[in-house]
Amino acid sequence: MLEKLLEAIRGLISKLTGEEKRKAQTAEGKLLEALEEGRRQAQGDGGSKTAAQEGGGDRYLIKRLPDGKSYVQADRQVIFGNDPVSWGEQVEEYINGKIRRGEDVQLLAEDGDILTLTGNTAGKAKHAYKADGTPLTEEEYYLKVNAEAHIDELAQVSHGDRVRPDRNGRHGDFASRGWQYRTAYFRDFDGKYYRISISVAQGDDGNVVYNIGKIQERSFPNTTELTARGSSAKGGAQGVGKTSS
């Protein structure tokens, strides 16, 4: 019954906007939690968590497409209410309390890089401005903090690009070896699929996940075509979407 209700809500979400959409997403998140709790009880573990879950998330929400590309399926309903300021506080608290548990966390990315989540990661998650200093729209910011709530999983599926120097050394030892921009893919609660850029500071503290930057909506890969074409297929053509930096 819960699964059928969840299906109905997801169909409704795609047709809603603004506050009504956020209310529906909140309901979806609560249903997902109820479903997972039911699965755990059915398996006889009484709701106990695996090591991966203790580390900040359920690994099964990192999905793999037939062409081998991984993406993160949103499942953590962390953001509630109508106040963007409170959204930032909620995501910072979630990263520090539920993902980091007060300590720095090291993660192995798919390309072999070791990435670290620190207090800087959590603090920057609530940043609500573009690279040029202009504020994100409310819709852009809501998407960003939803993605930030999955920053550990996004870091794990990310792949790095070239490293760029820290302009004028403005970040000091924190980014003494420059900045790497990593690409990850994220599917939000409403089924929309995004390509996400993650900035990583390389310096004395290691490779620190710093901020989610540009977010581009893309079409979800046609899995039937990918299966037929094999690993040479390229899914996710760019669509008309929102960006943030």
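Look a little higher up for the structure.
Procedures and definitions
Just so you know, the residues in each chain are numbered from 1, in the order the chain's sequence is written. Reporting in this predicted model follows two pLDDT cut-offs: at least 70 for local features of residues, and 80 or more for side-chain atom pairs to be given and counted; totals over whole chains, interfaces and linings ignore these cut-offs and use all residues. To obtain the side-chain values, all non-hydrogen atoms of the structure were used and water was disregarded. Here a strand is any run of E in DSSP of at least two residues, a helix any run of H or I of at least four, and the numbering for each starts at the N terminus. Relative accessibility thresholds used throughout: buried, under 20% of the residue-type maximum; exposed, over 50%; partly exposed, between the two (1.4 Å probe, protein chains only). Working rule for contacts: check all heavy atoms of both residues, and any pair within 4.5 Å makes them a contact. The term nonpolar core refers to a set of buried residues drawn from Ala, Val, Leu, Ile, Met, Phe, Trp, Tyr and Cys, joined through side-chain atoms within 4.5 Å. Salt bridges are counted wherever a side-chain nitrogen of Lys or Arg sits within 4 Å of a carboxyl oxygen of Asp or Glu. In a helix, the anticipated span is given by 1.5 Å times the number of residues less one. Counting of polar contacts relies on pairs of N or O atoms within 3.5 Å, with two restrictions inside protein: one atom must be capable of donating a hydrogen and the other of accepting it, and residues adjacent in sequence are counted only when both atoms are side-chain atoms. In summary, the pairing rule links any two rings of Phe, Tyr or Trp, Trp by its six-membered ring, whose centres are within 6.5 Å, and it sorts them by plane angle into stacked for under 30 degrees, edge-to-face for over 60 and tilted for everything else. To sit over a ring, a charge needs its Lys NZ or Arg CZ within 6 Å of the ring centre and within 35 degrees of the ring normal. Pairing between two strands is assigned when DSSP locates at least 2 bridges connecting them.

Draft legend 1. Spotlight on the overall build of the protein. In terms of helices and strands, the protein carries 8 helices and 8 strands. Out of the 245 residues in the protein, the part that is buried amounts to 46%. In the protein, of all internal contacts separated by at least 6 residues, the share reaching a separation of at least 24 is 57%.

Draft legend 2. How the structure looks around the nonpolar core. With 44 residues, the main nonpolar core has Ile151, Leu154, Phe186, Ile196, Ile198 and Ile212 as its most contacted residues. Residues contacting isoleucine 151, with those up to four places away along its chain left out, are Ile95, Ile99, Leu117, Thr121, Ile198, Val209 and Ile212.

Draft legend 3. Looking closely at the pattern of salt bridges. In total, this model carries 10 salt bridges according to the counting rule given. Salt-bridge contacts for aspartate 152 lead to arginine 76; the nearest nitrogen and oxygen are separated by 2.8 Å. On the criterion of sequence distance, the pair formed by aspartate 152 in helix α7 (residues 151–157) and arginine 76 in the loop between β2 (70–73) and α4 (84–99) is long-range, its members being 76 residues apart. In this pair, the class of aspartate 152 matches that of arginine 76, namely buried. Glutamate 148 is the salt-bridge partner of lysine 144, the closest N and O atoms lying 3.6 Å from each other.

Draft legend 4. Highlighting α4. Taking 1.5 Å of rise per residue, the 16 residues of α4 would be expected to cover 22 Å, and the 21 Å separating its terminal C-alpha atoms lies within 8% of that figure. Among the residues of α4, Ser86, Trp87, Gly88, Val91, Tyr94, Ile95 and Ile99 are the ones counted as buried. With a side-chain oxygen positioned 3.1 Å from the backbone nitrogen of valine 85, the residue opening α4 is aspartate 83. Of the residues one or two after α4, arginine 101 is the one with positive phi, at around 55°.

Draft legend 5. Representation of the packing of aromatic side chains in the model. In the structure shown here, the tally under the stated rule is 9 aromatic pairs. The cationic tip of lysine 69 hangs over the ring face of tyrosine 185; the distance from NZ or CZ to the ring centre is 4.4 Å.

Draft legend 6. Region of the structure containing unusual backbone geometry. Even without a glycine there, the phi angle at arginine 101 is positive, about 55°. Turning to its location among the elements, arginine 101 is positioned in the loop between α4 and β3 (105–108). Backbone geometry at asparagine 168 places phi at a positive 60°, although glycine is not the residue there. With respect to the element layout, asparagine 168 can be found in the loop between β5 (159–164) and β6 (179–187).

Draft legend 7. Molecular detail of the environment of isoleucine 215. Topologically, isoleucine 215 is positioned in strand β8 (residues 206–218). Taking the C-alpha atoms as reference points, isoleucine 215 and alanine 184, separated by 31 residues in sequence, lie 9.8 Å from one another.

Draft legend 8. Main features of the pairing of strand β4 (residues 114–117). Sheet topology places β3 next to β4; 4 bridges connect them, and they run antiparallel. Counterpart to leucine 108 in the pairing with β4 is isoleucine 114. Between β3 and β4, which pair antiparallel and follow one another directly, the connecting turn spans 5 residues, one of which, glycine 112, has a positive phi of 95°.

Draft legend 9. Focus on the pairing of β8. Of all 13 residues in β8, 11 are buried, a share of seventy percent or more. For strand β7 (residues 193–203) and β8, the ladder comprises 10 bridges, and the chain directions are antiparallel. The residue of β8 that forms the bridge with glutamine 202 is asparagine 207. Here β7 hands over to β8 after 2 residues, the two strands then running antiparallel side by side.

Don't take any of this as a statement about function, it's just geometry.
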